[in-house]
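Structure assessment
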Amino acid sequence: DKSALEVNLSSVNLGDIILPLTEKFKVQAKKPVEFKVAFSPEHINLQADVTMLTNAVSNLIDNAVKYSGNSVNINIRCEQKDKDVYIYIKDNGYGMSEKDQAKVFTMFERGKAVTRKEAKGFGLGLSYVNSVVEAHGGTVNLFSKEGEGSEFVLYLNAITS
């Protein structure tokens, strides 16, 4: 439930969240996963709930791995503009129809994913990602085309430290 999220803010470097996740997924995935990661500026410090933000980014990476072919390319770009932080996570996966995009942040919604046996889940992940970002005063945007992959953009109005 969205109202149940209590944010415990602390100062964190975004690289300390992103880089360990890329290493974890490279090791744990059952198929080749390549990451391209960029930070602008090199060190982005913000006030965030480290556990929640880590879980949200982990969910997006996990989805990129699950909803892709035999090898996965994930580009993660993090930018700070004034007090705003943007996290772009783009994959080369299956992509989503406009119909699925319209409801993908709804709890228990899996869209076309239910037809893929290799992609298990309850349809809670993207709803959780959305709740975490909203709890940080931000928004999530999705850009996707079937057969061309997806890009999630997390915008956090995060006071930097």
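Residues numbered from 1 in each chain as written. Predicted model: local features only at pLDDT ≥ 70, side-chain atom pairs only at ≥ 80, totals over all residues. Heavy atoms only, no water.

**Some words on the pairing of strand β4 (residues 72–81)**
When strand β2 (residues 33–40) meets β4, the two strands line up parallel, connected through eight bridges. Each residue of the ladder has a partner; that of Val-37, found in β4, is Ile-76. Following β4, the chain reverses through two residues before pairing antiparallel with strand β5 (residues 84–91); Asp-82 in that reversal takes a positive phi of roughly 55°. (Pairing = 2+ DSSP bridges. Helix = DSSP H or I, 4+ residues; strand = E, 2+ residues; numbered from the N terminus.)

**Details of helix α2 (residues 50–66)**
In a regular helix each residue adds 1.5 Å, so 17 residues correspond to 24 Å; α2 covers 24 Å between its end C-alpha atoms and thus fits that length. Among the 17 residues that make up α2, 12 are buried, leaving the element largely enclosed by the rest of the structure. All of the buried residues in α2 are Met-52, Leu-53, Ala-56, Val-57, Ser-58, Asn-59, Leu-60, Ile-61, Asn-63, Ala-64, Val-65 and Lys-66. Its side-chain oxygen placed 3.2 Å from the backbone nitrogen of Thr-51, Asp-49 serves as the N-cap of α2. (Expected span 1.5 Å × (residues − 1). Buried < 20%, exposed > 50% of the residue type's maximum accessible area, 1.4 Å probe, protein only. Polar contact = N/O pair within 3.5 Å; in protein donor to acceptor, adjacent residues only side chain to side chain.)

**Comments concerning the packing of helix α1 (residues 14–28) against α2**
Relative to each other, α1 and α2 sit at 35°, their axes nearing to 10 Å. For the crossing formed where α1 meets α2, the hand is right-handed. Within the contact between the two elements, α1 uses Leu-14, Ile-17, Ile-18, Leu-21, Lys-24 and Phe-25 and α2 uses Val-50, Leu-53, Thr-54, Val-57, Ser-58, Ile-61, Asp-62 and Val-65. Class assignment of the residues belonging to the contact of α1 with α2 gives a composition of 10 nonpolar, two polar and two charged. (Axes fitted to C-alpha atoms, helices over the stretch in contact; angles between N-to-C directions. Left-handed = near helix turned anticlockwise from the far one by under 90°. Contact = heavy atoms within 4.5 Å. Nonpolar A, V, L, I, M, F, W, Y, C, P; charged D, E, K, R; others polar.)

**Some thoughts on the pattern of salt bridges**
Applying the stated criterion across every chain, the model contains four salt bridges. The partner of Asp-62 in a salt bridge is Lys-66, with the nearest N and O atoms 3.8 Å apart. Of the two residues, Asp-62 and Lys-66 both sit in helix α2, four residues apart, roughly one turn of that helix. Across the pair Arg-77 and Glu-79 runs a salt bridge, and its minimum N-O distance is 2.5 Å. Residues participating in the shared-partner salt-bridge network are Arg-77, Glu-79 and Lys-81. (Salt bridge = Lys/Arg side-chain N within 4 Å of Asp/Glu carboxyl O.)

**Overview of the sheet that holds strand β7 (residues 149–157)**
Strand order across the open sheet formed by five strands is β2-β4-β5-β7-β6, with mixed pairing between neighbours. Across the chains shown, the open sheet's two edge strands, defined by having one partner strand only, are β2 and β6 (139–145). Neighbour-to-neighbour, the strand axes of this sheet turn through a mean angle of 10°, independent of strand direction. Note that β6 and β7 share seven bridges and pair antiparallel. When the bridges of β7 are listed, Val-140 appears paired with Leu-154. In this fold α1 packs onto β2, β4 and β5, with an angle of close to 170° to the strand it touches most, β2. α2 contacts β2, β4, β5 and β7 of the sheet and is inclined by roughly 150° relative to β4.

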